[in-house]
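So you can see what is in the structure, the chains are spelled out below.
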Amino acid sequence: MSEKLPQVYTEIIINASKEKVWNVLLDFPNYPTWNNFIKKIEGNSNLGGKIEAKMFPPAGLPITFDGTICRNTPNKTLAWNGYMIARWLFEPTHIFEIEEKTENQILFIHREEYKGFIIPFIKFMLPTLVGKGFEVMNKDLKKFVEAN
């Protein structure tokens, strides 16, 4: 049995179809118009695609991550692996999940799993540094999708 990875987990109910939310999540060029956390994301959302994301955590300095799409299940899951300096040091997997509640309501799960040597030393900081940003994006996504 595998050990559960340390993670930051957030969720929000959005009153929209899974397809509508999915289309907004894949529209990388439009992120700056609605997203105050991930203000820039460029690249290819296909499995194995390379992306670059610039994140603006509310409690810290901007962070740029290069990543590789490791999961892309349409209308359900989009995830990418990234790393800072070296994978053995710090390797987050950023995950968006959509769970359909009704035809026009979904549960949006925004989380990140962590591997790497440095995690035991910094995991207490991650909910503040990263989780607050996830909550900002979740609210921005909800507001944008429900208004359009």
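Refer to the structure above for everything that follows.
Remember, it's a predicted structure, so these values are computed and weren't measured experimentally. (Residues numbered from 1 in each chain as written. Predicted model: local features only at pLDDT ≥ 70, side-chain atom pairs only at ≥ 80, totals over all residues. Heavy atoms only, no water.)

(A) Spatial organisation of the overall build of the protein chain. For the protein chain, the helix and strand inventory stands at four helices and seven strands. Taken over C-alpha atoms, the radius of gyration comes to 15 Å for the protein chain, in line with the 15 Å a tight globule of 148 residues would show. For the C-alpha atoms alone, the extent of the protein chain along its principal axes is close to 40 × 35 × 30 Å. For the protein chain, with 148 residues in total, the buried portion stands at 43%. Contacts spanning at least 24 positions in sequence make up 51% of the contacts within the protein chain whose residues lie at least 6 apart. Just so you have it, the protein chain exposes about 8,100 Å², and 55% of that area is on carbon and sulfur atoms. (Helix = DSSP H or I, 4+ residues; strand = E, 2+ residues; numbered from the N terminus. Rg over C-alpha atoms; globule rule 2.2 N^0.38 Å. Buried < 20%, exposed > 50% of the residue type's maximum accessible area, 1.4 Å probe, protein only. Contact = heavy atoms within 4.5 Å. Areas by Shrake-Rupley, 256 points an atom, 1.4 Å probe, with all protein chains shown as cover.)

(B) Geometry of the pairing of strand β7 (residues 105-115). The element β7 is largely enclosed, with a buried count of nine among its 11 residues. Where strand β1 (residues 7-14) lies against β7, eight bridges are found, and the strand directions are antiparallel. Across the sheet, residue T10 finds its bridge partner in β7, namely H110. (Pairing = 2+ DSSP bridges.)

(C) Up close: the sheet that holds strand β5 (residues 77-82). Here seven strands make up an open sheet; going across it, the order is β1-β7-β6-β5-β4-β3-β2 and the pairing antiparallel. Strand pairing shows two members of the sheet lacking a second neighbour, β1 and β2 (38-43), which therefore form its edges. Taking each pair of neighbouring strands and ignoring which way they run, the sheet shows an average axis angle of 25°. Docked against the sheet, helix α4 (residues 126-147) engages β1, β2, β6 (91-102) and β7, running at close to 20° with respect to β1. (Axes fitted to C-alpha atoms, helices over the stretch in contact; angles between N-to-C directions.)

(D) Structural detail: the nonpolar core. Membership of the largest hydrophobic core comes to 35 residues, with the highest contact counts inside it found for I38 and F108. Not counting residues up to four positions away in its chain, the partners in contact with I38 are Y31, A53, K54, M55, W80, H94, F96 and M137. (Core = buried A, V, L, I, M, F, W, Y, C linked by side-chain atoms within 4.5 Å.)

(E) Molecular detail of the pattern of salt bridges. Across all of its chains, the model carries seven salt bridges by this definition. For the salt bridge of K40 with E42, the shortest nitrogen-to-oxygen distance reads 3.9 Å. A salt bridge links E97 to R111, with the shortest nitrogen-to-oxygen separation between them at 3.0 Å. Placement of the pair is E97 in strand β6 and R111 in strand β7, with a sequence separation of 14 residues. With a relative accessible area of 18%, E97 lands in the buried category. Take R111: its relative accessible area is 11%, and that puts it in the buried class. (Salt bridge = Lys/Arg side-chain N within 4 Å of Asp/Glu carboxyl O.)

(F) Local environment of unusual backbone geometry. Located in the positive-phi region is N75, a residue other than glycine, with phi close to 65°. With respect to the element layout, N75 can be found in the loop between β4 (63-73) and β5. A relative accessible area of 22% places N75 in the partly exposed class.

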